[in-house]
Amino acid sequence: MLIRRFILAALLLSATSAAQAQGRRDTTALAQTPPAQEQPLADSDTAPSSGGAKWRTPGSAPRAAAEGQQPLRPVSGDPSRAPIARVTKGPDSLPNDGGQEWRDYDISPYTARVTSTNRPEQAILDWILRETGYEAWHTQPLAVLNIDNHRLRVYHTPEMHGLVSEMVDRFVNTEAESHAFGMRVITVGSPNWRSKSHKILHPVATQTQGVQAWLMAKEDAALLVADLRRRSDFQEHSTPHLLVNNGQAKHIAATRTRNYIRDVILKSEAWPGFEPQMAQFDEGFKLEFNPLLSLDGKVVDAVVRCEVDLVEKLIPVMIDVPTTVAPRQRQRVDVPQPISSRLHERFRWPVEQVLMISLGVGPTPVAPSANPIGVNVPLISGGTRTELLVLIESKGKLGNQPTALQPGATPNAYRNRY
């Protein structure tokens, strides 16, 4: 055994000395070589640019070509190419075979008071497309829908103008300048709360599989929240007091980053002969709430979008990364087994009621709260699966009295926060 170790050490020392000698010879040859003249790149090396020819020294090939790959080229049209499709010049005036009319809508009263986003007019455009449908603007008859910060331009039939006019009025209406909404994001370990509260829940139709929604009176919602707070598996992940501009979106997110080794890259020149390639997975939930009040302020339309992304587990895989010193070396890489849940629906309900949405039971979207002793104990520690609940309540204009879902608030709780 001692003789074999001595022979192995001698071979390693000999290989190191030969590599150092070769490096010195390469350095001497490079120093004696005269500097090369810069030459323009050929068409096969890179695509031409508007700034003139690109230059490089000979031998400095592009990175993609050095790795045995084709270099990336920008996609650009050839102005000299003859078109295949038949193209003719259009008429000088817009056709109105469907009785289309051109109207301009002044949206500056709304865009002037919304300062929470750089493009508040985008909300008007999004809601018009939700109400009318995308196909109405891309099929027959010919239609135009254009918007900027001050004006909405529409070319369509009088019937479509009626829908657009009502939608614009819902934005510029001063009665809906600022509206307060209470939103709670709650998780509970078991869905058995339904057995006690089933009588106060009024089901609402949903399109997403596995999702349920209900309407309830505000007093019943306050009692339900108080009952859920007494549970040991209850956890709240957002503030119940949110101030949302009419027509604008509000985002709530609770995420955490999970790191894992995705792959290994062999590198014989560095110890231990490979480099682990790290990756990240953002776990948690993202919630978007976009409300729009009716003209009389008695009904609220809202688009609710929720995304839950989790790694249920990491599946380990052992990769062989042999080297001269460690021929049996192995490295573990992980393959994530993700689970996702998506909700994107539009709801309409009276402002006097509370909307509650359940995304069903799934893996806990956020890290469970730590118990006092710091270890997992049955009946004390949070479970690995929970039910995600979202409660949305309209609280009226700023400065109004708090509602039943906010028992601890004081009058004018939202003043000067817009």
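Refer to the preceding data block for the structure.
Residues numbered from 1 in each chain as written. Predicted model: local features only at pLDDT ≥ 70, side-chain atom pairs only at ≥ 80, totals over all residues. Heavy atoms only, no water.

### Quick word on the packing of aromatic side chains
Note the cut-off: When the centres of two rings from Phe, Tyr and Trp lie within 6.5 Å, Trp using its six-membered ring, the rings pair. Their planes under 30 degrees apart give stacked, over 60 give edge-to-face, and anything left gives tilted. The numbering of helices and of strands both runs from the N terminus, where a helix is a DSSP run of H or I of at least 4 residues and a strand a run of E of at least 2. Remark: exposure states derive from per-residue accessible area (1.4 Å probe, protein chains only) relative to the maximum for the residue type, with buried under 20%, exposed over 50%, and partly exposed in between.
Within the structure shown, the criterion is met by four aromatic pairs. Consider the rings of Trp-102 and Tyr-155, whose centres lie 6.1 Å apart with planes at 45°: the pair is tilted. One end of the pair, Trp-102, is in strand S3 (residues 101-106); the other, Tyr-155, is in strand S5 (residues 151-156), and 53 residues separate them in sequence. Judged by relative accessible area, Trp-102 falls into the partly exposed class, the value being 43%. Residue classification places Tyr-155 among the buried residues on the basis of a relative accessible area of 5%. Arranged with centres 5.7 Å apart and planes meeting at 85°, the rings of Trp-193 and Trp-214 form a pair that is edge-to-face.

### Side note on the sheet that holds strand S14 (residues 330-350)
Stated formally: Whether two strands pair depends on DSSP finding at least two bridges between them. Axes here refer to lines fitted to C-alpha atoms; in helices the fit is confined to the stretch in contact. Angles between the N-to-C directions go from 0 to 180 degrees.
Read from one edge of the open sheet, four strands run S11-S12-S13-S14, paired in antiparallel fashion. With one partner strand each, in any of the chains shown, strand S11 (250-266) and S14 form the two edges of the open sheet. Between one strand and the next, the sheet's axes are offset by a mean angle of 15°, whatever the strand orientation. One ladder, built from 10 bridges, connects strand S12 (residues 274-293) with strand S13 (residues 299-320); its direction is antiparallel. Within the sheet, the bridge partner assigned to Leu-287 lies in S13 and is Cys-306.

### What to know about helix H7 (residues 218-229)
Our working definition: A helix's residues, less one, multiplied by 1.5 Å, set its expected span.
With 12 residues, H7 extends 17 Å between its outermost C-alpha atoms, agreeing within 8% with the 16 Å of an ideal straight helix rising 1.5 Å per residue. All of the buried residues along H7 are Lys-218, Ala-221, Leu-224, Val-225, Asp-227 and Leu-228.

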